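The primary structure of each chain is shown beneath.
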Amino acid sequence: MIVHGAAGTGKTILAQEFAKRLEISGKQVLLLFYNKSISAKVRGAFDKRGKVQVSTFSSFAKRLIETLDQNWWNAREKKDDEFWHLELPSRLLEIPKKLLPRFDAVIVDEGQDFKPEWFEFLQELLHDSTKTFFTVFLDEHQDIFHHWESFPCSPAPAKKVLTKNCRNTRIIVDYLNSIYPTGMLSFERSPVGVPIVERTVGNAIDEQTQIVRDVKHLISHEQISPGSIVILLNAPKSESCLAETRAIGGFKLDSTYARYDPTARKIYYSTIEIFKGLEADVVLIVLGDRFQPDELPNAIYVQGSRAKHLLYIYRRVST
């Protein structure tokens, strides 16, 4: 089955709950993600000694290959797309079936980030039984890596579509739909929320000044916890307007890459490649000058849907 769902419709929660229910019924389950951060977050919900194995696809593949060939993984150039598209799937498919781990169910979240060749391999991990499950949760509108093509399965898989957004305020949902329509609907009990804040800046200095001012206001006047604020950069920090910024309002500015903790006494920055699939109470999107006009709607949808309650957008306009 393929479960299509717009942002905030509960795909990860459903994937996690499905895995738990299968485990209760005695099934061996492989629950896979693309993003390291969301995989780590979900892994904590399961007993390490239980029947659900939680991992990113890359970590799972690496462990599997290294049990057979300790040196193969480290000898490859993994920044080359050919590695992920051809070399890795080919190496995995070369593993004798008798040496593969076998599962009653394979559940994939963030399926739009998986390559078709990965799906072909993963289907080989199912027991030779008619009572197995292969379920993929995805949002093709969040295919920021341009991996999604189709799910290689014959006959065609069953489909389910999720449309009810349970993460964002109604104002954020309406705003995102107006920019990039996906058909998602607000949950009936979602709060209305407050208007989106859109800032126009002329250069990197103005951008940094405005971001610092807004963050200080949120912490000092709106009583927002520092850890619940995430600044999404569309460039490496060293190349962004925050390159020289180490702290804001006395709180350290830290990357979410190592560990994201919304209760921490720090302010986080990230990129959508790292933060996709996660959420924060307050998100500030620094669009910079990376996007072409026709790319902006999708970028704002993917990044803006990370914000549960407050969304700030900074557009750089040359004067």
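Before reading further, recall that the structure is shown in the block above.
Position numbers for residues start from 1 in each chain and track the written sequence from start to end. Totals for whole chains, interfaces and linings use every residue, but because this is a predicted model, local features are given only for residues with pLDDT of at least 70 and side-chain atom pairs only at 80 or more, for both listing and counting. Calculated side-chain values reflect all of the structure's heavy atoms, with hydrogen atoms and water omitted.

Enquirer: I would appreciate a short explanation of the overall build of the chain in the present structure.
Expert: Runs of H or I in DSSP of at least four residues are treated as helices and runs of E of at least two as strands, each being numbered from the N terminus. A count of helices and strands for the chain gives nine helices and 15 strands. Here the C-alpha atoms of the chain give a radius of gyration of 21 Å, agreeing with the 20 Å that 2.2 N^0.38 yields for 319 residues. With the principal axes as the frame, the chain shows a C-alpha extent of 60 × 50 × 40 Å. Exposure classes here rest on a 1.4 Å probe applied to the protein chains alone. A residue is buried below 20% of its type maximum, exposed above 50%, and partly exposed in between. Of all 319 residues assigned to the chain, the portion counted as buried reaches 48%. Across the chain, contacts joining residues at least 24 apart in sequence account for 69% of those joining residues at least 6 apart. Computed over 42 positive and 40 negative side-chain charges, the separation of the two mean positions in the chain equals 7 Å. In this setup the radius of gyration rests on C-alpha atoms only. A globule is expected at 2.2 Å times the number of residues raised to 0.38. In this analysis, two residues are considered to be in contact whenever any of their non-hydrogen atoms come within 4.5 Å of each other. Here the positive residues are Lys and Arg and the negative ones are Asp and Glu; neither His nor the chain ends is included. By convention, the charge on Lys lies at NZ, on Arg at CZ, on Asp at CG and on Glu at CD.

Enquirer: Would you mind going over helix H1 (residues 11-24) with me for this structure?
Expert: Since the α-helix advances by 3.6 residues per turn, residues separated by three or four positions end up pointing in the same direction. Here a helix's expected span is defined as the number of its residues, less one, multiplied by 1.5 Å. Compared with an ideal rise of 1.5 Å per residue, which puts 14 residues at 20 Å, H1 spans 20 Å between its outermost C-alpha atoms and is within 8% of the ideal. Of the positions making up H1, those classed as buried are Lys-11, Ala-15, Gln-16, Ala-19 and Leu-22. Along the axis of H1, the buried positions cluster into a sector of 135°, meaning they face one direction only. Turned more than 90 degrees from where H1 packs its buried face, Ile-13, Arg-21 and Ile-24 sit exposed. Just downstream of H1 lies Gly-26, where phi reads positive at about 95°. The directions from the helix axis to the C-beta atoms form the arc being described.

Enquirer: Explain the packing of aromatic side chains to me, please; I cannot follow it from the model alone.
Expert: Given two aromatic rings, their pairing is described by the distance between the two centres and the angle made by the two planes. Two rings from Phe, Tyr or Trp (for Trp, the six-membered ring) form a pair when their centres sit within 6.5 Å of each other. Planes less than 30 degrees apart are called stacked, planes more than 60 degrees apart edge-to-face, and all others tilted. This structure, assessed with the given rule, holds 19 aromatic pairs. Ring centres 4.9 Å apart and planes at 90° place the aromatic pair Phe-83 and Trp-84 in the edge-to-face group. A relative accessible area of 0% places Phe-83 in the buried class. Ring geometry for Phe-114 versus Phe-119: centroids 5.7 Å apart, planes at 25°, classification stacked.

Enquirer: Would you mind showing me how to read helix H3 (residues 57-66) here?
Expert: Buried residues of H3: Phe-57, Phe-60, Ala-61, Leu-64, Ile-65 and Glu-66, and no others. Packed against the buried residues of H3 are strand E2 (29-33), strand E3 (52-56), helix H4 (81-93) and helix H5 (116-123).

Enquirer: Just to check I follow, could you spell out the nonpolar core for this structure?
Expert: Side chains that are nonpolar tend, in soluble globular proteins, to be buried together. Counting residues in hydrophobic clusters, the biggest one holds 44 residues, and the most contacted among them are Leu-31, Ile-107, Leu-311 and Ile-313. Phe-83, Leu-100, Phe-119 and Leu-138 belong to the second-largest nonpolar core, a separate cluster that totals 31 residues. The term nonpolar core refers to a set of buried residues drawn from Ala, Val, Leu, Ile, Met, Phe, Trp, Tyr and Cys, joined through side-chain atoms within 4.5 Å.

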